Amino acid sequence: MTPSVGRPTPGEAGPRPTSSRDLADALTIEELAAVTSGGDFWSTQAVERWGIPSLTVTDGPHGLRKQAADPSTITLAGAVPATCFPTAVTLASSWNPDLLEEVGQALGSETRAEGVAVILGPGVNIQRHPLGGRNFEYLSEDPLVAGILGAALARGIQSRGVGCSVKHLACNNQETGRTTTSSDVDERTLREIYLAPFERIVRDARPWTVMTANNPVNGVYSSQHRELITSILRGEWGFDGLVLSDWGSVYDRVAALESGLDLEMPANAASDAAVLEALRESAFEPVVRESARRLIDLVERTRTALADPQPADFDAHHDLARRAAAAGTVLLRNEGVLPLDPSKDSRIAVLGLLAERPRYQGAGSSQVTPTRLDAPLDELRRLVDENVDIAYEPAYSLGDDTPGDASVLAAAVEVARSADTVIAFVGLPDDEEAEGVDRARFALPEQQLALLRALTAERTDVIVVLANGSPVDMSWSAAAGAVVETWLGGQAGGGAIVDVLLGIREPGGRLAQTLPLRVSDSPAHVGWPGEEGHARYGEGVFVGYRYYDTLERDVAYPFGHGLTYTSFTRSARAEVRADGGITATLSVRNIGDRAGRDVVQAYARHGAASVRRPVHELVGFAGVAVEPGAEETVRIEIDPRDLAHWSLAAGDWVVPRGPMVLELGASSRDIWATVELDLPGNGVRGPLTKFHTLNEWLADDRGEPVVRAALGVAAGDPLPGPLADPNVLKLVGTTTLVKFAHFGMGIDESALHRMLEDVPA
Ligand code: GLC
């Protein structure tokens with residue numbers, strides 16, 4: 001190969017350029033081809049002659065999974081021990097950005113301690129359907145919750161000098177056909193629901209890397225999606241970091257680089273030749289130099305941290321993981337049963353294998369090797385008084401769901417009969433929640449349901465503790481005395497649940513997703529999981545509570561729900577800000593006798609939109625910790641953008657002018673105050689063109705005066721000639737203006753021309 005004039009050649013060295021741009025310009029085209037794919041499974045390519053080191057990147061998202069063995073492949077077991085924090089679904093239930101930032105800092109410290117440049121998380125895809133196989137790795141069904149909490153994680157991680165990777169851009173909402181099935185979604189839905197978390201995180205937390213998804217979006221591979229990567233992510237949101245592919249999702253590296261991707265992962269030397277060939281085209285070369293520059297920027301951003309790894313404090317992180325798990329534990333139901341009194345002379349029946357062998361994380365690339373693991377049974381034994389007798393029975397088996405051994409169930413029921421307190425630990429088995437497959441059923445395993453049936457037939461005060469990464473059928477729950485959803489609580493979750501049961505900590509969680517009555521109630525269910533390579537997002541923006549609440553569907557437990565061990569009274573004020581946003585001021589009084597954290601949720605009920613909007617949308621939230629008898633005040637600031645919908649007509653975010661109602665609630669179904677407001681709007685509207693109908697012109701305050709002027713009638717006067725007849729107007733009013741100009745009814749070509757010039761934008 002003969003390098004073209006002006007291009008660096010391998011022999012040239014000279015002084016090392018100082019800026020990353022100059023360094024990128026000094027790379028040969030062979031080096032450019034090499035650095036745009038990985039060095040092995042978990043690292044980038046070094047360019048030794050310029051001192052550009054190889055960077056290690058590893059999973060994520062709720063703990064570091066650094067393979068101890070062979071980096072040229074993928075193994076799930078035996079990663080270097082790291083703190084397994086609660087999974088995203090648990091963390092998100094805390095609705096607490098400060099806590100997530102703290103967890104992010106700990107993740108960042110462990111990443112740095114291992115000499116890893118980037119941890120592959122947070123995962124911020126929307127939980128579109130309850131059976132999504134990776135829901136446990138994702139934060140919420142709501143884009144505001146996912147965005148605010150994802151930004152907090154990203155900020156925390158990067159505060160330690162290492163990068164995060166926000167994933168997966170975009171619409172990786174199912175595992176079935178995850179590499180082959182196109183997520184087919186209209187632009188409004190894409191922007192309002194699926195891109196919104198990414199947008200917020202990019203703008204607020206400035207992540208150093210973003211990972212594209214495995215799946216195509218609207219028929220285009222995410223790794224090659226120019227509109228997503230170049231126009232929206234970089235162009236509109238100002239992302240200045242590196243875009244890497246999900247593992248094994250680049251089909252054409254040249255096309256991917258041209259579309260804005262910087263790094264194909266893992267290593268793919270096989271495509272270097274194609275990249276080299278394309279690099280001989282002058283138009284392609286600057287694009288690839290930009291990608292190399294972004295890689296060098298990442299090297300520079302992580303250089304200080306990697307030169308000074310600093311050991312992580314695993315004990316402190318275990319304590320944080322325990323606190324975070326309690327904060328994300330959702331008390332769904334409590335008929336006066338919880339908290340337990342640990343000092344009372346009593347007999348507690350602990351039933352269910354999951355009390356002994358906790359389920360605490362999901363399977364797949366996120367699978368961490370924990371530094372330690374707390375089982376609820378051990379922790380309970382440790383924390384109750386000596387005079388409390390704990391009787392444990394496994395009650396069911398895991399893995400095999402054929403009807404269980406009757407004597408195992410009978411032993412559990414026998415223990416339950418004579419106990420003062422009965423706690424049943426149930427949940428999904430490991431193999432039902434794994435990356436790569438969606439869940440096959442909504443219900444808990446049959447042996448566990450048999451246990452719940454038998455216990456609730458005996459008594460009404462059974463405490464049920466759930467461990468699962470995504471919603472399950474809750475039809476049994478009304479018969480329980482209390483239901484505690486821990487999700488997948490990480491390595492310290494076993495201690496956290498005991499803290500909550502004993503009232504040492506409050507159950508801090510609120511649902512970040514709706515628990516539907518039936519899986520078939522899910523708005524995404526009708527086309528789930530797609531067919532012939534397409535998953536049609538036909539429910540549009542009506543995802544989760546946006547659908548259930550708009551259509552007034554009964555649910556098992558609504559979005560935002562979660563009980564505490566105390567109670568609050570609240571009051572609210574709200575006003576429109578000068579910039580068209582809203583400030584809500586809330587006062588929360590704790591009228592119980594325990595400290596507690598209230599989560600105030602603000603929903604917008606839009607009155608004036610020109611498009612169909614959900615009955616309400618979450619636009620802000622705030623957690624407020626209140627001591628017994630005390631009152632605290634908290635503010636929620638809502639930016640105009642959070643009140644906007646995406647208008648296809650305007651190609652922009654529109655905040656309509658007019659009335660709306662701000663609802664303040666303790667869940668999407670428990671609104672305790674409403675405030676009527678009048679929004680100024682942001683003035684953005686779609687243009688009126690000759691392809692709009694006469695009726696559309698007449699209905700528009702910009703168009704009507706122009707039509708009247710053209711027809712020579714004053715405001716309020718009847719339209720001239722046959723147009724005065726409402727039935728004629730109904731008929732011809734549906735005609736586009738350009739065709740109406742041929743009807744000889746008062747507007748001709750030249751009048752049309754003038755109208756188009758006169759109509760305000
Ligand atoms: C996987 C996942 C992604 C992960 C990566 C590396 O296929 O989809 O989340 O970070 O590969 O393990």
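Note: the structure precedes this text.
One way to put it is that helix α6 (residues 187-194) packs onto helix α7 (residues 196-205) with a least axis distance of 5 Å and a crossing angle of 50 degrees. The angle between α6 and α7 falls in the class oblique. Residues Leu190, Arg191, Glu192, Ile193 and Tyr194 of α6 pack against Ala196, Pro197 and Phe198 of α7.

Turning next to the site of the ligand. Neighbouring the ligand are 13 residues, the closest being Asp59, Arg134, Lys167, His168 and Asp246. Asp59 is positioned such that a nitrogen or oxygen atom in its side chain is 2.5 Å from an oxygen atom of the ligand. For the ligand, an oxygen atom lies 2.6 Å from a polar atom in the side chain of Asp246. With the chains in place, 95% of the 310 Å² that the ligand exposes on its own is no longer accessible.

The contact between helix α12 (residues 314-327) and helix α16 (residues 493-501) brings their axes to 8 Å, and the two run at 50 degrees. When the axis of α12 is compared with that of α16, the two are oblique. Classified by chirality, the crossing of α16 by α12 is right-handed. Residues Arg322, Ala325 and Ala326 of α12 lie in contact with α16, whose contacting residues are Gly493, Gly495, Ala496, Asp499 and Val500. Of the residues assigned to the contact of α12 with α16, the class counts are 4 nonpolar, 2 polar and 2 charged.

Residues Tyr194 and Leu618 are the most contacted members of the largest nonpolar core, which totals 77 residues. Element by element, the count of residues in this core is highest for helix α5 (residues 143-158), at 9 residues. Those residues in contact with Leu618, other than ones at most four positions away along the chain, are Trp95, Asp142, Leu144, Val145, Tyr545, Phe559, Gln601, Ala602 and Tyr603. Grouped together as the second largest cluster of nonpolar side chains are 65 residues, Leu338, Leu340, Tyr396 and Ala424 included.

To continue, consider the side chain of Ser259. The residue Ser259 is located in helix α9 (residues 253-259) in this model. Its relative accessible area of 6% is what places Ser259 among the buried residues. Among all residues touching Ser259, those that are not within four sequence positions of it are Gln224, His225, Arg226, Ile229 and Thr230.

For the rest of this paragraph, the subject is unusual backbone geometry. Of the consecutive residues Gly60 and Pro61, the connecting peptide bond is found in the cis state with omega at -5 degrees. Among the secondary structure elements, Pro61 is positioned in the loop between β1 (57-59) and α3 (88-93). Here the bond from Leu338 into Pro339 is cis, since omega is 0 degrees, no more than 30 degrees from zero. Within the element layout of this structure, Pro339 appears in the loop between β9 (330-334) and β10 (346-351). Positive phi values are uncommon outside glycine, yet Arg206 reaches one of about 45 degrees. Locating Arg206 in the fold gives a position in the loop between α7 and β5 (209-212). Look at Arg206 and you get partly exposed, because its relative accessible area is 42%. For Gln310, which is not a glycine, the phi torsion comes out positive at approximately 60 degrees. Summarising the element assignment, Gln310 is placed in the loop between α11 (284-307) and α12.

This part takes up the pattern of salt bridges. Going through the model one piece at a time under the given rule, you end up with 61 salt bridges. A salt bridge links Glu187 to Arg191, with the shortest nitrogen-to-oxygen separation between them at 3.0 Å. Placement of the pair is Glu187 and Arg191 together in helix α6, with a separation of 4 residues, close to one helical turn. Since its relative accessible area comes to 30%, Glu187 is described here as partly exposed. Across the pair Arg203 and Glu199 runs a salt bridge whose closest N-O atoms are separated by 2.7 Å.

So, how was this worked out
Position numbers for residues start from 1 in each chain and track the written sequence from start to end. Residue-level local features of this predicted model are given only where pLDDT is at least 70; pairs of side-chain atoms are given and counted only at 80 or more, and the full residue set underlies all totals for whole chains, interfaces and linings. Hydrogens and waters are ignored; side-chain quantities use all the structure's heavy atoms. Lines fitted to C-alpha atoms define the axes here, with helix axes fitted over just the stretch in contact, and angles between the N-to-C directions of these axes take values from 0 to 180 degrees. Secondary structure follows DSSP: runs of H or I at least 4 residues long count as helices, runs of E at least 2 residues long count as strands, and numbering of each begins at the N terminus. For classification, angles of less than 35 degrees are called roughly parallel, those exceeding 145 degrees roughly antiparallel, those between 65 and 115 degrees roughly perpendicular, and all remaining angles oblique. The contact rule is simple, with two residues in contact once any of their heavy atoms fall within 4.5 Å. Here a residue is considered near a molecule or strand provided that any single heavy atom belonging to it is located within 4 Å of it. What qualifies as a polar contact is a pair of N or O atoms within 3.5 Å, subject to a donor-acceptor requirement within protein and to the restriction that residues adjacent in sequence count only when both atoms come from side chains. Residue exposure ignores everything except the shown protein chains as possible cover, and the areas themselves are Shrake-Rupley values with a 1.4 Å probe. By definition, any crossing whose near helix is turned counterclockwise from its far helix by less than a right angle is left-handed, and any crossing with a clockwise turn is right-handed. Amino acid classes used here: Ala, Val, Leu, Ile, Met, Phe, Trp, Tyr, Cys and Pro are nonpolar; Asp, Glu, Lys and Arg are charged; the rest, including Gly, are polar. For the purposes of this section, nonpolar cores are sets of buried Ala, Val, Leu, Ile, Met, Phe, Trp, Tyr and Cys residues that join through side-chain atoms within 4.5 Å. Note on classification: 1.4 Å probe, protein chains only; a residue is buried when its accessible area is under 20% of the maximum for its type, exposed when over 50%, partly exposed between these limits. Think of a salt bridge as a Lys or Arg side-chain nitrogen and an Asp or Glu carboxyl oxygen that are within 4 Å of each other.

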